[in-house]
Amino acid sequence: MKKTASRSAILTLFMTLFMISGCVPAEFRLRELPENPAVPVTVAALLPLTGSNRIYAEQMREGLLCAEDRVNDTGGISGRQLKLEILDTSGTPEGTRDALAAAAKAGASGIIAGYDTEEVSMIIAHASRMRTPMVIPLATSNHHLQTSPFVYRNCFSDTQQMEVLANYLLYWRQRSRGAIITDQHNDDDYTRGISRSFAMAAKDIHIFITTEMTIAQDEELTIGQLQSILMTDPGFIMVSARCQRSAKLIKQIRQAGFTGIICGPDSWDDPDLCNALTGSDPGDCVFTSFFSEENKSVEYQDFSKKFNERFFHIPGACETQSYDALVFLAIALDKAQSLFDFDRNWRSINHYEGAAALYTMLKKGEIDRTIYLKSFRIEKYSKSINSYPRLTKKLQYSKLQDYRIIE
């Protein structure tokens with residue numbers, strides 16, 4: 001909380017000084033564009049194109065390329081064309097360092113930071129030093145916005161998605177007690193953050209957490225651990241894990257005889273999880289998601305059509321989130337000479353129907369947006385059982401209190 005307040009206090013202090021003196025402190029001035037108006041505005045996308053998340057990076061790349069066309073077809077940035085530089089971080093500290101240096105050399109006015117929590121953390125640590133606004137499309141860590149006033153997001157946070165999930169379990173599904181499993185495979189900051197946020201959200205609305213079980217790094221969930229969870233009679237089990245590990249845990253939990261709800265975070269919305277569940281029935285599950293193909297916004301319909309014509313498949317969460325991120329970065333950069341200009345432009349994005357969601361940008365880089373809840377649809381072909389994600393409910397985060405009353 002102190003760090004969040006610090007971000008707000010810094011911006012408020014310097015905004016006051018700016019209004020009094022008419023001068024913007026050097027550390028809040030953005031990169032100046034060349035005098036020649038024919039020179040484009042460069043934006044760099046730092047993606048792990050050769051890292052362990054290269055599949056997701058490629059999906060992000062496709063969405064960003066479509067966004068580049070969209071921005072240039074609608075006037076560009078400050079009357080100039082947008083030039084997108086896609087740089088490979090390899091998902092490593094060394095690769096990130098080199099990509100940041102390349103972005104600086106290219107004169108990048110903004111940066112798209114992706115993909116996961118660890119990769120994004122390495123990138124945004126340099127935002128203030130580079131005086132470069134950075135937008136996070138997919139990493140949901142609560143702490144990222146506390147790193148620098150130059151950091152923004154168009155994704156929801158861990159807290160937001162877990163509050164929606166907890167409220168759904170209590171008010172829509174009448175589940176007032178449940179357990180949490182945290183998988184620390186590869187020492188994952190993401191899963192720990194998800195579990196922490198879910199536990200806080202659950203306790204805030206008086207859901208009783210019967211057990212909090214941690215699977216240590218490079219270990220598996222034992223029969224004894226699973227039995228100890230089931231003995232507490234949970235109505236649901238929250239599984240905080242990456243998609244492949246989640247599939248394995250779902251199978252284990254069902255094989256142990258649990259018939260309640262198994263729930264998870266946005267990382268579950270992945271075709272690899274469904275593929276890993278082939279041959280088994282996951283039962284009653286629910287998970288959060290950035291995106292649904294049932295989105296009826298004009299922006300999504302236009303994006304999806306052009307994307308399919310270019311890449312021959314339907315865009316998913318990575319593509320739509322990245323597309324929206326670059327469109328929003330372009331809006332905020334337009335005629336922005338300082339971080340104050342950028343922030344004002346960013347917060348002009350109000351009730352905006354993007355490709356992935358309905359967005360309203362708030363103070364201190366916070367966001368109100370649509371959060372989707374999905375479950376698995378089961379289809380049987382001969383002797384095979386296949387799972388597919390389907391939309392269960394969509395909620396606007398800011399309306400969460402209202403939904404409790406309406407429903």
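Residues numbered from 1 in each chain as written. Predicted model: local features only at pLDDT ≥ 70, side-chain atom pairs only at ≥ 80, totals over all residues. Heavy atoms only, no water.

Trainee: Tell me what's going on with the packing of helix 2 (residues 54-73) against helix 11 (residues 298-311), and back it up with residues and numbers.
Mentor: Two packed helices can be described by the angle between their axes and the distance between those axes. Packing of helix 2 against helix 11 brings their axes to within 10 Å, and their N-to-C directions diverge by 115 degrees. Our classification of the angle between helix 2 and helix 11 gives roughly perpendicular. Pair helix 2 / helix 11 crosses with right-handed handedness. In this structure, helix 2 uses E62, G63, L65, C66, D69 and R70 to contact helix 11, whose residues at the interface are E299, F303, F307, R310 and F311. Taken together, the residues of the contact of helix 2 with helix 11 sort by class into five nonpolar, one polar and five charged. (Axes fitted to C-alpha atoms, helices over the stretch in contact; angles between N-to-C directions. Helix = DSSP H or I, 4+ residues; strand = E, 2+ residues; numbered from the N terminus. Parallel < 35°, antiparallel > 145°, perpendicular 65-115°, else oblique. Left-handed = near helix turned anticlockwise from the far one by under 90°. Contact = heavy atoms within 4.5 Å. Nonpolar A, V, L, I, M, F, W, Y, C, P; charged D, E, K, R; others polar.)

Trainee: Break down the sheet that holds strand 5 (residues 151-153) for me, with residues and values.
Mentor: What the five strands build is an open sheet, ordered 2-1-3-4-5; its pairing is parallel. The sheet terminates laterally at strand 2 (82-88) and strand 5, the two strands that pair on one side only. On average, adjacent strands in this sheet sit at an angle of 25 degrees to one another, irrespective of strand direction. Pairing geometry for strand 4 (residues 134-136) and strand 5, over three bridges, is parallel. Residue pairing for strand 5: I136 is matched across the bridge by R153. Helix-sheet contacts for helix 3 (residues 93-105) involve strand 1 (41-47), strand 2, strand 3 (110-113) and strand 4, and the interaxial angle to strand 2 is about 160 degrees. (Pairing = 2+ DSSP bridges.)

Trainee: Can you lay out the environment of L391 for me, pointing to particular residues and giving the numbers?
Mentor: Here L391 is to be found in strand 14 (residues 384-396). Sequence separation between L391 and Q59 is 332 residues; the distance between their C-alpha atoms is 21 Å. Every residue in contact with L391, bar those within four places of it in the chain, is listed here: S292, E294, Y372, L373 and K374.

Trainee: Describe helix 7 (residues 189-204), and please don't skip the residues or the numbers.
Mentor: Compared with the 22 Å implied by 1.5 Å per residue over 16 residues, the 23 Å span of helix 7 between its first and last C-alpha is a close match. Listed as buried for helix 7 are Y190, T191, G193, I194, S195, S197, F198, A199, A201 and A202. On the buried face of helix 7, the contacting elements are helix 4 (117-124), helix 6 (158-172), strand 6 (177-183), strand 7 (208-215) and strand 8 (236-240). For helix 7, the N-terminal cap is D188; the gap from its side-chain oxygen to the backbone nitrogen of Y190 is 2.8 Å. Looking one or two places after helix 7, you find H206, whose phi comes out positive at around 70 degrees. (Expected span 1.5 Å × (residues − 1). Buried < 20%, exposed > 50% of the residue type's maximum accessible area, 1.4 Å probe, protein only. Polar contact = N/O pair within 3.5 Å; in protein donor to acceptor, adjacent residues only side chain to side chain.)

Trainee: Break down the pattern of salt bridges for me, with residues and values.
Mentor: For the structure shown, the criterion picks out 19 salt bridges. The shortest N-O distance in the salt bridge between E220 and K248 comes to 3.2 Å. In this pair, E220 sits in the loop between strand 7 and helix 8 (223-230) while K248 sits in helix 9 (residues 243-255), placing the two residues 28 residues apart along the sequence. A salt bridge links E309 to K305; the nearest nitrogen and oxygen atoms lie 2.9 Å apart. Of this pair, E309 and K305 are both found in helix 11, four residues apart, which corresponds to roughly one turn of the helix. The residues E309 and K305 share a single accessibility class, namely exposed. Through salt bridges with shared partners, a single network forms among D183, E220, R245 and K248. (Salt bridge = Lys/Arg side-chain N within 4 Å of Asp/Glu carboxyl O.)

Trainee: I'd like a description of the side chain of S338, backed by residues and values.
Mentor: Relative to the elements of secondary structure, S338 occurs in the loop between helix 12 (317-333) and helix 13 (339-346). A relative accessible area of 3% means that S338 is categorised as buried. Once residues within four sequence positions are removed from consideration, S338 is found in contact with V24, F28, R29 and L30.

Trainee: Go over the pairing of strand 12 (residues 358-361), please, and point to the residues and values.
Mentor: On strand 12, burial covers both faces: L358 and T360 on one face and Y359 and M361 on the other are all buried. Of the pairings in the sheet, the one linking strand 11 (residues 352-353) to strand 12 comprises two bridges and is antiparallel in character. Opposite Y352, over in strand 12, you have Y359 as the bridge partner. Remark: four residues form the turn of the hairpin made by strand 11 and strand 12, two consecutive strands paired antiparallel. By the bridge criterion, three bridges tie strand 12 to strand 13 (residues 367-381) in an arrangement that is antiparallel.

Trainee: I'd like a description of the pairing of strand 10 (residues 285-289), backed by residues and values.
Mentor: Most of strand 10 is tucked away, with five of its five residues classed as buried. A two-sided burial pattern is seen for strand 10, the buried positions comprising C285, F287 and S289 on one face and V286 and T288 on the other. One ladder, built from three bridges, connects strand 9 (residues 261-264) with strand 10; its direction is parallel. The partner of C263 across the bridge, within strand 10, is V286. For the segment spanning strand 9, helix 10 (residues 271-276) and strand 10, crossover handedness is right-handed. Pairing of strand 10 with strand 13, which is carried by three bridges, proceeds in the antiparallel orientation. Residue pairing across strands places F287 opposite K374, the latter belonging to strand 13. (Right-handed = clockwise from strand over helix to strand, strands pointing away.)

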